[in-house]
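Spelled out, the chains give:
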Amino acid sequence: MYFAAKENNRHLAFMSMVSFNAMISDICEKTDIGEYNVFKGYDPKNLEKTAAAFDDLINEYLQKEYRKANLQAERYKDIDSFVRQYLG
């Protein structure tokens, strides 16, 4: 999403929201995860704001699901850090 904002690519930003909405809808069909308004943060005139709203929504979803599973989310500074720990 931040790449779309950096490139000022409204189409990519919108399609990312569409894709995330499809994922959420698919999950909702199989399990009760509550409701999410994916498009509430979409602002084609301010894609940085859209990217931040997208992150907020993903974090809200993940935090809720992690709490349900009694798990603690792990954060990594970059993909290399993740791979080093994952492959150990």
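One can find the structure itself at the top, above this paragraph.
Small disclaimer: the values here were computed from a predicted structure and weren't measured.

A. Region of the structure containing the packing of aromatic side chains. Applying the stated criterion to the full structure yields 6 aromatic pairs. Ring geometry for F14 against F39: centres 5.8 Å apart, planes inclined by 35°, an arrangement best described as tilted. Taken together, the positions of F14 in helix 2 (residues 10-30) and F39 in the loop between helix 2 and helix 3 (47-68) put the pair 25 residues apart, joining distant regions of the chain. Pairing Y76 with F82 gives two aromatic rings, centres 5.3 Å apart and planes at 80°, and the pair type is edge-to-face. Classification of Y76 by relative accessible area gives partly exposed; the value is 32%. The class of F82 is partly exposed, set by a relative accessible area of 33%.

B. Inspection of the pattern of salt bridges at higher detail. Tallied over the entire structure, the rule returns 3 salt bridges. The salt bridge partner of K49 is D43, with a shortest N-O separation of 3.8 Å. Judged by relative accessible area, which is 48%, K49 ranks as partly exposed. Measuring nitrogen to oxygen at the nearest pair gives 3.0 Å for the salt bridge that ties K68 to E65. You can see K68 and its partner E65 sitting in helix 3, 3 residues apart, about one turn around the helix.

Here is what the cut-offs are and how they apply
Residues numbered from 1 in each chain as written. Predicted model: local features only at pLDDT ≥ 70, side-chain atom pairs only at ≥ 80, totals over all residues. Heavy atoms only, no water. Phe/Tyr/Trp six-rings, centres within 6.5 Å; stacked < 30°, edge-to-face > 60°. Helix = DSSP H or I, 4+ residues; strand = E, 2+ residues; numbered from the N terminus. Buried < 20%, exposed > 50% of the residue type's maximum accessible area, 1.4 Å probe, protein only. Salt bridge = Lys/Arg side-chain N within 4 Å of Asp/Glu carboxyl O.

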